[in-house]
Amino acid sequence: MILNVRSKEAIKTALAMTIAYGIALSMDWDRPYWAGFAVAFISLSTIGQSLNKGAMRMLGTLVALVASLVIIALFAQERWWFMVALSGYVGFCTYMMGVSRRAYFWFLAGFASVIICFDGGTDPINAFDTAVLRAQETGLGVLVYTLVAILLWPTSSRAGFEAATRALVQAQHRLYVGYREAMTGRTPEQIKPDQDTRTIAAQQVQALAQFGATLDSALTDSYEVWELRHQWRRFQGQSTALLATLERWHESRKELGDLDLNLLLPNLGVAMADFERRFAEIERLLAGEALQRQPQAVDLSSNRTRVDELSHFHKAAFALARIGLQRLDGLTHDLFDTVLDIKGLSASTSQRPISPPPADAPRPRLLPDPDSIIAVVRVMASLWMAYLLWIYVEVPGGNGIVSAAGSIGMTLATNPRMPVLSIIKPVFSSIAFAGILYVFVMPQLSSFVGLGSMIFLTTFAIAYLFSTPRQGATRAIGLALFLMIIGVSNQQHYNFLTVADTSVMFLMLAGVLALAAWIPSSAQPEKVFLRLLGRFFRSCEYLMTTMRWNLTMTPTRLDRWRQAFHAREIETLPQKLGAWGQAVDTKVLPGTTPDRILALTTNLQALAYRMQEFMEASANPQAALLVRELLTDVRAFRLKVQEAFQSLSRDPAAEPADTLRERLTAQLEHLEGRIEETMNKAAEGKLSERDSENFYRLLGAFRGVSEAAVAYAGVAGNVDWREWREERF
């Protein structure tokens, strides 16, 4: 009989679970379900994924062990200071979960400390034994599952990683083709009729995320990938930068209007064809085929005669588009060289123009993340509410409610779009199922043969029925509650109150977590969306104030720190808004549709790209003549945009599109007239080519921001925001 992958993975999990229980019981270790938890939570589809998660679980447990013993030693007789120290430590781990790539490590370091503290802290004499036992059993579960996964149907991450890499490059290629043809107004042949560039861009984001996940796994179980880890990390960084460059280049088409880039850049066709050949060659190399052609140096020099005939704002739009092409040239060339390095071939030697590096200074460290801070408040609130219930109310399950509040609270706080009510059905279904086994099956078992068979069959059934990644949470809940309720030990006792107490405890815990979800503010998707929208426009408003044409002014360290914080907000909030927008229940908001929310978040992403371009352009030095002559006019235009952002931060539809467009257009026309006068004064060679380029780039960034703000206002006016603000339960 040929077993499918689903059956094989379920058998490996069930076999490892049974062996771990057998070893723990033979060693007469208390709480063998801790070893079972380790097996249940690290059993993934490939060896690399399991080893990564197992290592993070073991390291997190060891850190929790040390932290727990320190807290118990310092506050063994001070229960309030004990809880202050423990909740503060768990809050720190929760924050690190939101900002670190090793989220699972910090999750274990946090919630395992709650378990150790409350299992050992109530009896400080045995605290060390409890902490060591937790580490022993976790290590046992990790070791057993690792050996089973290696010896029985081992599945390497290498094939999945290579497939994810090819999918990423193919998505990059198709996105480039789509954006290239969008710039020229033609329909690309490589795009299916039912798709558009927005769909392809979403696929590119997903492919990049999948590549990052499989890379971490392949680095663990594939020596060939590990040897080239630096090259693959470079490939990942270059692919991320390429996506942002493609998006910003695509957004610049809106300011170009009816300009023909082929007339302004005589060699544009040759350059863009070479860009496409680079993608094709990268795909060919990653597929194991021979290299056919090296990338050629491209000439992106402009036709000065035709450029001089343009208006100042068209020159600015052209400057942005040309810079985007130069960056695209540099990134595709660098990506090609990285793939050559990975394949053991010599890098290309063609000379190419150096793409302008971003003008941003290195970002300061220790930038706070508001969303992670909210998660910290919720976790600490849930811990304290559970702790107070345990002390002042005779809670069924004892201190287990505090331990459960730590683990489930950290999971929900860092996944805020997961409603608390969504876990009630799998929790109580699992309790009912495990309770039936505990009451009616386990008393009939008299040896480990029967017990091991029950553990194997039950684990296999749960792992088999809930095998997809989307069912991972249900699978984890089912296995965890099954192991908790059966409470296997060498001196087995049976009591129906175990099932009843667990049910009541989780019912009370659901109330605690539901209440904590409203601290410090509502977790309803539409309310969160409004808060994030306000933060986005407040950051836009602040960043507009950083553009000050004062040649003698040097920003302070605090100024740089604030600018870096708001720049990161601009960079990250559109993705968060997109995720929360998908969670909004449009059925209770009659004036809102999913298409309108998608259009809203798409325009916000476009505005974010224009703001990033503005920050880079405003950091470039400007000629003293232009600063002196245009300071007042540029400042007036900046204040108009800044006022618009200030209004939008208070009300998403405070600025009607027509009114905003009329106000900004009038200011732009006045500014263009002043630019004409200034440039005429500078006709005697007072401005270098570099000065002109920097100025037109800044001017283009200004215009891009204003156009993106008007586009957002037009979309926001189609949403009934009053319904979003109404309270509902």
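Analysis parameters
- Residues numbered from 1 in each chain as written.
- Predicted model: local features only at pLDDT ≥ 70, side-chain atom pairs only at ≥ 80, totals over all residues.
- Heavy atoms only, no water.
- Helix = DSSP H or I, 4+ residues; strand = E, 2+ residues; numbered from the N terminus.
- Rg over C-alpha atoms; globule rule 2.2 N^0.38 Å.
- Buried < 20%, exposed > 50% of the residue type's maximum accessible area, 1.4 Å probe, protein only.
- Contact = heavy atoms within 4.5 Å.
- Areas by Shrake-Rupley, 256 points an atom, 1.4 Å probe, with all protein chains shown as cover.
- Phe/Tyr/Trp six-rings, centres within 6.5 Å; stacked < 30°, edge-to-face > 60°.
- Expected span 1.5 Å × (residues − 1).
- Arc of directions from axis to C-beta.
- pLDDT = per-residue confidence, 0-100.
- Patch = residues over 30% accessible without salt bridge, like charges linked within 9 Å, V, L, I, M, F, W, Y side chains within 5 Å.
- Salt bridge = Lys/Arg side-chain N within 4 Å of Asp/Glu carboxyl O.
- Disulfide = S-S within 2.5 Å.
- Axes fitted to C-alpha atoms, helices over the stretch in contact; angles between N-to-C directions.
- Parallel < 35°, antiparallel > 145°, perpendicular 65-115°, else oblique.
- Left-handed = near helix turned anticlockwise from the far one by under 90°.
- Nonpolar A, V, L, I, M, F, W, Y, C, P; charged D, E, K, R; others polar.
- Core = buried A, V, L, I, M, F, W, Y, C linked by side-chain atoms within 4.5 Å.
- Polar contact = N/O pair within 3.5 Å; in protein donor to acceptor, adjacent residues only side chain to side chain.

**Student:** What is the right way to look at the overall build of the protein chain in this model?
**Tutor:** Secondary structure summary: the protein chain contains 28 helices and 0 strands in total. At 30 Å, the protein chain has a C-alpha radius of gyration in line with the 27 Å of a compact globule built from 729 residues. Seen through its C-alpha atoms, the protein chain measures out along the principal axes to roughly 100 × 60 × 50 Å. With 729 residues in all, the protein chain has 51% of them scored as buried. The long-range share in the protein chain, meaning contacts at least 24 apart out of those at least 6 apart in sequence, stands at 81%. Accessible surface, the protein chain as shown: approximately 33200 Å² in total, 58% of it carbon and sulfur.

**Student:** Explanation requested: the packing of aromatic side chains in the structure shown.
**Tutor:** The geometry of two aromatic rings is summed up by the distance between their centres and the angle between their planes. Enumeration over the complete set of coordinates arrives at 33 aromatic pairs. Taken together, a centroid distance of 6.0 Å and an interplanar angle of 35 degrees make the contact between Phe537 and Phe645 tilted. One end of the pair, Phe537, is in helix α22 (residues 525-545); the other, Phe645, is in helix α25 (residues 624-650), and 108 residues separate them in sequence. The buried category is assigned to Phe537, whose relative accessible area is 0%.

**Student:** How should helix α18 (residues 424-441) be read in this particular structure?
**Tutor:** Residues lying three or four places apart along an α-helix face the same way, a consequence of the helix completing one turn every 3.6 residues. Between its first and last C-alpha, α18 extends 25 Å over 18 residues, near the 26 Å set by a 1.5 Å rise per residue. Residues Pro426, Val427, Ser430, Ile431, Ala434, Gly435, Leu437 and Tyr438 constitute the buried set of α18. The buried residues of α18 occupy an angular sector of 165 degrees when projected down its axis, which confines them to one face. Those residues of α18 that are exposed and aimed more than 90 degrees away from the buried face are Lys425 and Phe440. Close packing links the buried residues of α18 with α19 (448-465), α20 (472-486) and α21 (496-516).

**Student:** Help me understand the confidence of the model for the protein chain in this model?
**Tutor:** Low pLDDT marks stretches whose predicted atomic positions should not be read closely. Confidence along the protein chain averages 85 in pLDDT terms, with 93% of residues attaining 70 or more. Taken together, the stretch residues 187-195 has pLDDT below 50 and engages in 15 contacts with residues farther than four places along the chain or on a different chain. This model gives residues 349-361 a pLDDT under 50, and the stretch forms 27 contacts once residues within four places in sequence are excluded.

**Student:** Teacher, can you tell me more about a nonpolar patch on the surface here?
**Tutor:** Nonpolar side chains collect at one region of the surface, where Leu15, Ile19, Ile23 and Met27 lie side by side and expose about 300 Å² of accessible area between them. In this structure, Ile23 sits in helix α1 (residues 5-26). Residue Ile23 is classed as partly exposed on the basis of its relative accessible area, which comes to 33%.

**Student:** Can you walk me through helix α6 (residues 127-151) in this structure?
**Tutor:** With 25 residues, α6 extends 36 Å between its outermost C-alpha atoms, agreeing within 8% with the 36 Å of an ideal straight helix rising 1.5 Å per residue. In the segment just after α6, Trp153 is the residue with positive phi, at about 50 degrees.

**Student:** Would you mind going over the pattern of salt bridges with me for this structure?
**Tutor:** Pairing between side chains of opposite charge can happen when the charged atoms of each approach one another. Counted under the stated rule, the structure contains 31 salt bridges. The salt bridge partner of Asp30 is Arg31, with a shortest N-O separation of 3.5 Å. Of the charged contacts, one joins Arg248 and Glu613 as a salt bridge, the two residues approaching to 2.9 Å between their closest N and O atoms. Note that Arg248 is positioned in helix α10 (residues 229-251) and Glu613 in helix α24 (residues 594-618), a separation of 365 residues in sequence. For the residue pair Arg248 and Glu613, the accessibility class agrees, reading buried in each case. A single salt-bridge network, built from bridges that share partners, covers Arg248, Arg327, Glu613, Glu616 and Arg697.

**Student:** Can you help me understand the state of the cysteines in this one?
**Tutor:** A covalent bond between the sulfur atoms of two cysteines is what we call a disulfide. A full pass over the atoms with the stated rule returns 0 disulfides. In this structure Cys93 is a free cysteine whose sulfur lies 11 Å from that of Cys117, the closest cysteine sulfur available.

**Student:** What should I look at first to understand the packing of helix α4 (residues 79-99) against helix α5 (residues 103-120) in this one?
**Tutor:** Think of two packed helices as two axes; the pair is described by the angle between the axes and how far apart they sit. Viewed as axis vectors pointing N to C, α4 and α5 meet at an angle of 165 degrees, and their least axial separation amounts to 7 Å. It follows from the interaxial angle that α4 and α5 lie roughly antiparallel. With respect to the hand of their crossing, α4 and α5 are arranged in left-handed fashion. Between α4 and α5, the residues in contact are Phe82, Met83, Leu86, Tyr89, Val90, Phe92, Cys93, Met96 and Met97 and Ala103, Trp106, Phe107, Ala109, Gly110, Ser113, Val114, Cys117 and Phe118, respectively. Here the residues of the contact of α4 with α5 sort into 16 nonpolar, 2 polar and no charged.

**Student:** It is not clear to me how the nonpolar core should be interpreted in this structure. Could you clarify?
**Tutor:** General note: in soluble globular proteins, nonpolar side chains tend to be found buried as a group. Among the nonpolar cores identified, the biggest contains 86 residues, and Leu86, Val90, Phe118, Met410, Met454, Phe506 and Leu509 are the most heavily contacted of them. When residues of this core are assigned to their parent elements, the largest contribution, 11 residues, is made by α5. Those residues in contact with Val90 that sit more than four places away from it in its chain are Gly110, Ser113, Val114, Val379, Leu383 and Met410. Counting 66 residues, the second largest nonpolar core, distinct from the first, contains Ile570, Leu648, Leu660 and Leu668.

**Student:** Please clarify how the side chain of Thr245 should be interpreted in this entry.
**Tutor:** Tracing the chain through its elements places Thr245 in helix α10. Here Thr245 falls in the buried class, since its relative accessible area comes to 13%. Contacts of Thr245, omitting those with residues within four sequence positions, involve Gly324, Arg327, Leu328 and Leu331.

**Student:** What's the story with the packing of α5 against helix α17 (residues 400-413) in this structure? I'm lost.
**Tutor:** Closest axis-to-axis distance for the α5/α17 pair is 8 Å, and the angle between their directions is 170 degrees. Classed by the angle they form, the pair α5 and α17 counts as roughly antiparallel. Along its contact with α5, which presents Trp106, Phe107, Gly110, Phe111, Val114, Ile115 and Phe118, the element α17 presents Val402, Ser403, Gly406, Ser407, Met410 and Thr411. A breakdown of the residues in the contact of α5 with α17 according to their chemical character gives 8 nonpolar, 5 polar and no charged.

**Student:** For this particular structure, what's the right way to read the side chain of Thr138?
**Tutor:** With respect to the secondary-structure elements, Thr138 resides in helix α6. With relative accessibility at 0%, the residue Thr138 sits in the buried group. Polar side-chain contacts of Thr138 include one of 2.9 Å to the backbone oxygen of Arg134. Ignoring any residue separated from it by four or fewer positions in sequence, one finds Thr138 in contact with Ala38, Arg57, Met58 and Thr61.

**Student:** For this particular structure, what's the right way to read unusual backbone geometry?
**Tutor:** Of all residues except glycine, most have a negative phi; of all peptide bonds, most are trans. Each neighbour pair has its own omega, and for Ile519 with Pro520 the value is 0 degrees, a cis peptide bond. Mapped onto the fold, Pro520 is located in the loop between α21 and α22. Notably, Arg31 is not glycine yet its phi reads approximately 55 degrees, a positive angle. Looking at the secondary structure, you find Arg31 in the loop between α1 and α2 (33-42). The class for Arg31 is partly exposed, based on a relative accessible area of 22%. In this model, Trp153 sits at a positive phi of 50 degrees, which is unusual for a non-glycine residue. Looking at the secondary structure, you find Trp153 in the loop between α6 and α7 (158-184). For Trp153, a relative accessible area of 30% gives the class partly exposed.

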